[in-house]
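These are the residues of each chain, in order.
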Amino acid sequence: MAHEPLHTMGQQHGRRSWAEPWKIKMVEPLRIIPREEREKALVEAGHNSFLLRSDDVYIDLLTDSGTNAMSDRQWAGMMLGDEAYAGSRNFYHLEEAARTHYGYRYLVPTHQGRGAEHLISRALIKPGHSVPGNMYFTTTRLHQELAGGTFVDVIIDEAHDPMTLHPFKGNVDLGKLEALIKRVGPDKIPYVSLAGTVNMAGGQPISMANMKAVRALCDTYGIRIYLDATRMVENVFFIQEREEGYEGKSIAAILREFCSYTDGAWMSAKKDHLVNIGGWVAVNDADLFDQLRNLVVIYEGLHTYGGMAGRDMEALAIGIGESVQDDHVRARVGQVHYLGDLLLGWEIPIVVPVGGHAIFLDARRFYPHIPQDQFPAQALTAALYLDSGARGMERGIVSAGRDPQTGDHRYPALELTRLAIPRRVYTQAHMDVVAEAVKAAYDGRAETRGLKMIYEPKYLRFFQARFAPLP
Ligand SMILES: Cc1ncc(COP(=O)(O)O)c(C=O)c1O
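Here we summarise the structure given alongside this text. Since the model is a prediction, treat every value here as computed from it, not as a measurement.

1. With respect to helix H7 (residues 174-184)
In an α-helix, one turn spans 3.6 residues, which is why side chains three or four residues apart end up on the same side. Residues Leu 177, Leu 180 and Ile 181 constitute the buried set of H7. Projected onto a plane normal to the axis of H7, the buried residues spread over an arc of 100° and lie on a single side. Exposed and facing more than 90 degrees away from the buried side of H7 are Lys 182 and Arg 183. Against the buried residues of H7 lie strand E2 (130-133), strand E3 (150-153), strand E4 (191-195) and helix H8 (208-221). A side-chain oxygen of the first residue of H7 lies 2.9 Å from the backbone nitrogen of Gly 175; this N-cap is Asp 173. Gly 185 sits one or two residues past H7 and shows a positive phi near 90°.

2. A word on the sheet that holds strand E8 (residues 358-362)
By definition, the strands of a sheet pair up through backbone hydrogen bonds, in either a parallel or an antiparallel sense. Taken together, the three strands give an open sheet; going across it, the order is E8-E10-E9, and neighbouring strands pair in antiparallel fashion. Each edge of the sheet is formed by a strand with only one pairing partner; in this case those strands are E8 and strand E9 (393-395). Each strand of the sheet is rotated relative to its neighbour by a mean of 35°, with strand direction disregarded. The sheet contact formed by E8 and strand E10 (residues 416-420) spans five bridges and is antiparallel. Residue pairing for E10: Phe 360 is matched across the bridge by Arg 418.

3. Some details on the layout of surface pockets
In this model, the largest pocket occupies a volume close to 1,400 Å³. In this structure, the largest pocket is lined by 36 residues; those nearest its centre are Met 26, Glu 28, Ala 69, Arg 424 and Val 425. Those elements giving two or more residues to the lining of the largest pocket turn out to be helix H3 (72-78) and helix H13 (326-345). Examining the composition of the lining of the largest pocket, we find that three residues originate from one element, H3, more than from any other. Here the lining of the largest pocket is composed, by residue class, of 15 nonpolar, 10 polar and 11 charged.

4. Side note on the nonpolar core
In terms of nonpolar packing, the biggest core is built from 58 residues, with Leu 94, Tyr 102, Leu 227 and Trp 280 touching the most fellow members. No other element matches the six residues that helix H9 (residues 232-242) contributes to this core. Dropping the residues within four chain positions of it, Leu 94 is found in contact with Leu 107, Pro 109, Trp 280, Met 308, Met 313, Leu 316, Ala 317 and Ile 320. Counting residues in hydrophobic clusters, the runner-up holds 41 residues, among them Leu 61, Ile 348, Phe 375 and Ala 379.

Calculation criteria
Residues numbered from 1 in each chain as written. Predicted model: local features only at pLDDT ≥ 70, side-chain atom pairs only at ≥ 80, totals over all residues. Heavy atoms only, no water. Buried < 20%, exposed > 50% of the residue type's maximum accessible area, 1.4 Å probe, protein only. Helix = DSSP H or I, 4+ residues; strand = E, 2+ residues; numbered from the N terminus. Arc of directions from axis to C-beta. Contact = heavy atoms within 4.5 Å. Polar contact = N/O pair within 3.5 Å; in protein donor to acceptor, adjacent residues only side chain to side chain. Pairing = 2+ DSSP bridges. Axes fitted to C-alpha atoms, helices over the stretch in contact; angles between N-to-C directions. 1 Å grid on protein atoms, 1.4 Å probe; cavity = no way out; pocket = protein on both sides within 12 Å on 5 of 7 lines; lining within 4 Å. Points joined across faces, edges and corners; volume = space filled by probe spheres on them. Nonpolar A, V, L, I, M, F, W, Y, C, P; charged D, E, K, R; others polar. Core = buried A, V, L, I, M, F, W, Y, C linked by side-chain atoms within 4.5 Å.

Here is the structure:
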C-alpha cells in the first residue's frame, strides 16, 4: 500500500526543523473527563472557565501565568532557599539577575505583578491624574483607578482591529499621547504606562523605534515612562525578527537597550521568568525607590522578600537568566505560532499577526448572531471546553468591566477568547489537539447561544462572574 508523504513542520515552511532546547525529565498525568461530566462541571462553574476545577480540565490554556515548567536548575535552586526574614541571600541573587538583564538601579520584590502595580500606582498617582498607556490591562488599570487616576488608551488604532497586519500593533500613537499631554497638562500625567507585549491586543509588540520616539516626546514634557515588563522578553523576540538593525543582536542585548529608554518597570515574573510565583518593581530614581521600599513593608512583606519565600526568589533569579536565551524564546514563541498557523490555514478567525504568548480567537467573527452584551467570547470559551476539555479565557466585554463613572458595561472593540500557552509545558501534539478542538467549535458555531450574567462581583468581574445560557 502506497503511503501519502507527510511533512514535518520544517518542511512545511521550506526549512530544516528545529525543536525545543530541552528534554522532559518529569511528567504530570493528564486525563479528559467524559462529555456528560464536562457539561456538569460547566454548569457548576457558572459557564466561567475561572471557576472550573483544574482536575476537570484536559489541556489548560487559561493562562501562561504561573503555569510554566521550571528547569532542573530552578528546582535545584529551590533547595538553596535562604528563608531568613531579612537579608536573604536569594534576594541578592534576584537583584543581581534583574539588574543585569533589565538594567534598573533599584529593585523591590513583590508576591506577583499586581503587588508591584499596587505599589507603583500608590506611589505616583494622585486623584485627578491621567495615566496614558498602550491599551489597558485589567489589574494594571484597576490599581491606577484605585489610586485616583484615569487610564487613557493611546495605542495606535490598528491594535483595536483584529484583522490588520501591522508588525507592531503595541505601538503608542504619538499624536494621541501629545494631544492628551496638551489637554490635561504634563503635571497631571504621573507617567506613561507602557506594556510589552500588549496582552489585551493579542500579545502584540511595541517597536524599538516607537519606544525611542515615546522617550523623546516624554523628555520634551518631563514625563516619566514605566514599563509593564511582564512579557517584554517575548516583545524583544519580535523586535529581533522584524525590526531593521536588530536581526543580528541577542535577545539579552535588545532587552537592555529597550529598558534603557524607560525609567523603571514592574513585572509579573509568573510569565517571562519561568516561575510559578513572583514579581518585582525596579526603578532608577532613588526617591521613588525609597517610597516603594516603604510601601512594600505594609502590603507585601519586608523589602528583601516582598511576599516570596527565599526559594521562590532563587528560582526566579535563575529563571531570569534562562528567559533571555535566544533558543528558548524562539521555541516558546514558535510554538504559539505553530498553533496559529494551523488555525489560519483552516481560515478560523483569530487575531493577526499572531502574538507572543497566546492565540486570540475572534468571537465576533465566530458568532455574528450573538450581540456583545450576550458575551460571545464567554460563550466561545465555554463551547471549547465542552467540546474538548480545553480551557481558555474570555478577553472581551466581561474582562473590560464597567465604566466607574456611568456604571455601564465598557464595550471593547476586541471580543476575544484567549488560548494562552504555558512555557515549556505542552508538546506539538497537544497543539494539534487544541487546533482540532477550535475547529470543532468553529464548525458548530451556528448552534452556540449567548449567555446572561447571573452574578457579578464588584471588582475584576471576569474572575468570579457566573453565567447561564440564554434560551
Ligand atoms: C500584562 C500583565 N500585567 C500585569 C499582570 C498582573 O500580574 P499578576 O497576575 O502576577 O498579578 C498580568 C497578569 O495577568 C499581565 O498579563
